[in-house]
2 protein chains.
Amino acid sequence: MNFNINIDKYRNLKRSMEREMINLNPIQRAGVLPIESKKAIYEFWDGYSVCDYCSGRLDKIETPPIHEFLEDLSKFLNMDVSRPTHGARESKFIVMNSVCKEGDYVVLDSNAHYTSYVAIERAKLNYQEVESEGYPTFRIDPEKYKETIDNLEDSGKNIGLILLTHVDGNYGNLADAEKIGKIAREKGYPFLLNCAYSVGRMPVDGKKLNADFIAASGHKSMAASGPAGILSINDEFADGILKTSKKFLVKELEMLGCTSRGLPILTLMTSFPHVVERVKKWDEEVKKTRYLVKELEEIGFIQLGVAPKEHDLVRFETPILDEIAQKDKRRGYFFYDELKKRKIGGIKRGTTKELKMSVYGLSWEQVEYVVDSIKEIVKSSL
Amino acid sequence: MNFNINIDKYRNLKRSMEREMINLNPIQRAGVLPIESKKAIYEFWDGYSVCDYCSGRLDKIETPPIHEFLEDLSKFLNMDVSRPTHGARESKFIVMNSVCKEGDYVVLDSNAHYTSYVAIERAKLNYQEVESEGYPTFRIDPEKYKETIDNLEDSGKNIGLILLTHVDGNYGNLADAEKIGKIAREKGYPFLLNCAYSVGRMPVDGKKLNADFIAASGHKSMAASGPAGILSINDEFADGILKTSKKFLVKELEMLGCTSRGLPILTLMTSFPHVVERVKKWDEEVKKTRYLVKELEEIGFIQLGVAPKEHDLVRFETPILDEIAQKDKRRGYFFYDELKKRKIGGIKRGTTKELKMSVYGLSWEQVEYVVDSIKEIVKSSL
């Protein structure tokens, strides 16, 4: 039994990002665990740790309080039923796989995350995009959803689902879910809202937004260890999505019985008090973001997407960085390098034309440090 | 924003099982993390922690060394290509969803895990069971696979996949994968081996066992935090299973882009050195199990499944416990209760007719303590 494997490289794996740096990566800023969750991890790190008192289904476990947690989550989102999943993409696939028939069309915004398209392909469906208004706002016009649906109907296509990216990962635009949900409802199509960048960061009221399904991400926006997600469903669709096996009567097919059997669901729960409190301070987060934009536009950054910002994810055009890169011997890497010296990370290496960042959850002092550092880098490089 | 939720119940969640008890639960014994993994968790507990240096696909990440890990895993299993998944059930669904066509038959053993059936139903497939020899061995006869396949062919059914449970979760029987794999190959059908209870506990050589696909479980048998699994594939089927999106050319459809983006894959990696070493000591684990069986049969337990044991999961008929329960005022709970007093857990509460246990990974001293405790409970209750 000589496997000829050097196993030493798996010993002592380290990560310095969160301990030593201010991380500006928008996909990571709202996935940082609060202390309470870190403490709970010590208790539950072993495999199947949440299953000590299981009597057949993850979502019904009372110790730890998974069942209550899912009911509280439904209250938090103003939806009827919730289930843990492995992430927002898995939530979306579950909806598509169970409410659509092969070949159906999914109508979705052109700002949609790549996983929406991949889930559509995996579920053997077609799609029709609703184009955004393009540069520089990339705004999604609700009326365009109506037009797109009308056109598909006129050409005899079968529409299975209307999908909207509540906040997109390219521009951090907050779409008008309420209006688009209303259009979907009036047309009689189920409406899936991808809240990977909203639930857990900002208040989301599913009923107010006319959502039939909400897909949320634990690791992206709910201060949980990955991979973890939530699928929240309105009663009307609950029986379909949560259909159980003919042979094993309590097992839900789309969950393959149980989904998040370990640390991810545990950290979702233990971070929940923190998340409930932080969404109440969303206005303050938006203020920080707008401050960041205002300050960086002064040195030649140009904010893309709808202005003023309604979400912490910011995409900038940065011609000024591109200009500096032309004459710096580190080329495009100078910015990453200079930020690193100042213990700031999470900006893509080598990019200078455009970049994305977020200061979500940072203190005002940290936000100011970030702003001052970037200003200093740009000014001293010119 | 008053959500009317009592968030205090999610604070300070505790689990005493592994810290204070000897846990005999077969689904948990091989999911206990080694110290190395516990240390690494401190580094990577935040959401998307493994994605700091991602350039578009989880399985290609070099820091931490996920890419190398997957190559090493393929060596370890003697297979060609490996991917992380959320668990063995998710691996099985991926195979079914991509190699079978709607309505195809899956041939599987009657000892199969419930998730094999649930995955079949979710993938809209049919199945035909190969019956075991029944009480008391519940052995799977390879020849029966041949008969079942012949019968399906004779009745014009389309067979999409042959599935075998390498070691089943009811009796801990080790099936003759090599022979059944050979039958599948000769008949020209793809062969999926469910190794949720074998890979990570004992040596598994995929090519020797004629496996086209291996589904493995991180939290069940590879000393990882859940949910984590592995799908290993032979080259012949790799392109089909790992088909990429038409729109996002690097994204694998069946993985929805990426799967295990966080602690589960991290602990799979950091536990790998421990796992590679421990499978070399499998003979010793079998010895411990046979010792347990011999000792407990002396006090009236009867081992079900193939004898002598070839795996650590043991199912006992326990008429002696049933007899004691008749006159104990705690009824069926006396056994659980008495074990608990002795700091032994993981046996289902209230069951006295049959029970499952495993002493996998316990020291000989602990095994003896378990045996002596059970003997003492039975003898003093008679």
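One can find the structure itself at the top, above this paragraph.
On a predicted model such as this, the values are computed, not experimentally measured, just so you know.

Calculation rules
Residues numbered from 1 in each chain as written. Chains lettered and ligands numbered in written order. Predicted model: local features only at pLDDT ≥ 70, side-chain atom pairs only at ≥ 80, totals over all residues. Heavy atoms only, no water. Least-squares fit on C-alpha atoms with pLDDT ≥ 70 in both. Contact = heavy atoms within 4.5 Å. Helix = DSSP H or I, 4+ residues; strand = E, 2+ residues; numbered from the N terminus. Polar contact = N/O pair within 3.5 Å; in protein donor to acceptor, adjacent residues only side chain to side chain. Core = buried A, V, L, I, M, F, W, Y, C linked by side-chain atoms within 4.5 Å. Buried < 20%, exposed > 50% of the residue type's maximum accessible area, 1.4 Å probe, protein only. Pairing = 2+ DSSP bridges. Axes fitted to C-alpha atoms, helices over the stretch in contact; angles between N-to-C directions. Buried area = accessible area lost by both parts, 1.4 Å probe. Salt bridge = Lys/Arg side-chain N within 4 Å of Asp/Glu carboxyl O. Nonpolar A, V, L, I, M, F, W, Y, C, P; charged D, E, K, R; others polar.

A. Fine view of the relation of the copies chain A and chain B. Once chain A has been moved 0.0 Å along the axis and rotated by 180 degrees, it coincides with chain B to within an RMSD of 0.0 Å. Interpreted geometrically, this transformation is the action of a two-fold axis. A shared binding surface is used by both copies, with 100% of the interface residues of chain A retained as interface residues in chain B.

B. Main features of the side chain of Arg261 of chain B. Here Arg261 of chain B shows up in the loop between α9 (235-241) and α10 (263-270). Separated by 2.9 Å, the side chains of Arg261 of chain B and Glu90 of chain A make a polar contact. Within the local environment of Arg261 of chain B, its side chain forms a polar contact with the backbone oxygen of Thr259 of chain B, the two atoms lying 2.5 Å apart.

C. Local environment of the nonpolar core. Grouped together as the largest cluster of nonpolar side chains are 204 residues, with contacts concentrated most on Phe76 and Ile162 of chain A together with Phe76 and Ile162 of chain B. Apart from residues no more than four positions distant in its own chain, Ile162 of chain A is found in contact with Val107, Tyr145, Ile149, Ile180, Ala184, Tyr189, Pro190, Phe191 and Leu192 of chain A.

D. Region of the structure containing the sheet that holds strand β12 (residues 354-357) of chain B. All names here are of chain B. In space, the 3 strands of this open sheet follow the order β9-β10-β12, with antiparallel pairing throughout. Sheet topology places β9 (302-304) and β12 at the edges, where each strand pairs with a single neighbour. Sheet twist, expressed as the mean angle between neighbouring strand axes with direction ignored, is 35 degrees. Two elements, β9 and strand β10 (residues 314-317), share 3 bridges in a ladder whose sense is antiparallel. Note that in β10 the partner of Gln303 across the bridge is Phe316.

E. A look at the interface of chain A and chain B. Every contact between the two is made by 97 residues of chain A and, on the other side, 97 residues of chain B. Taking both partners together, chain A and chain B bury about 8800 Å²; carbon and sulfur atoms supply 59% of that area. Of all residues in chain A, Tyr10, Arg122 and Leu256 of chain A bury the most surface against chain B, accounting for 10% of the area lost on that side. Between the two partners, chain A and chain B, sit 16 salt bridges. Among the salt bridges present, the one from Glu254 of chain B reaches Arg122 of chain A, with a minimum N-O distance of 2.8 Å. For the pair chain A and chain B, the interface holds 55 residue pairs in polar contact (both at pLDDT 80 or more). With 8 residues, helix α2 (residues 35-44) of chain A is the largest single contributor of residues to the side of chain A that touches chain B. The residue inventory of the side of chain A that touches chain B, partitioned by class, reads 45 nonpolar, 21 polar and 31 charged.

F. Structural detail: the sheet that holds strand β2 (residues 81-85) of chain B. Residues and elements named next belong to chain B. Here 7 strands make up an open sheet; going across it, the order is β2-β8-β7-β6-β5-β3-β4 and the pairing mixed. Two strands in the sheet have a free side with no partner beyond their single neighbour: β2 and β4 (126-130). Pairwise comparison of adjacent strand axes, ignoring direction, gives a mean angle of 20 degrees for this sheet. Taken together, the 4 bridges between strand β5 (residues 159-165) and strand β6 (residues 191-194) define a ladder with parallel strand orientation. Its bridge partner lying in β6, Ile162 is registered against Phe191. Along the sheet face, helix α5 (residues 114-122) touches β3 (105-109), β4, β5 and β6 and points at about 175 degrees away from the line of β3. On top of the sheet, helix α7 (residues 177-187) reaches β5 and β6; it is set at about 160 degrees to β6, its chief contact.

G. A look at the environment of Leu209 of chain A. All names here are of chain A. Structurally, Leu209 can be placed in the loop between β6 (191-194) and β7 (213-217). Spatially, the C-alpha atom of Leu209 lies 42 Å from that of Val378, the residues being 169 residues apart in sequence. Sequence-distant contacts of Leu209, defined by excluding residues within four places in its chain, comprise His166, Ala177, Glu178, Gly181, Phe191, Leu193 and Val204.

H. Molecular detail of the environment of Met21 of chain A. Residues and elements named next belong to chain A. With respect to the helices and strands, the residue Met21 is situated in the loop between α1 (17-20) and β1 (22-23). Taking the relative accessible area as the measure of exposure, Met21 reaches 17% and is therefore buried. Met21 sits 320 residues away from Lys341 along the chain, and the two C-alpha atoms are 9.8 Å apart. For Met21, the contacting residues outside a window of four places in its chain are Ser16, Lys340, Lys343, Ile344 and Gly345.

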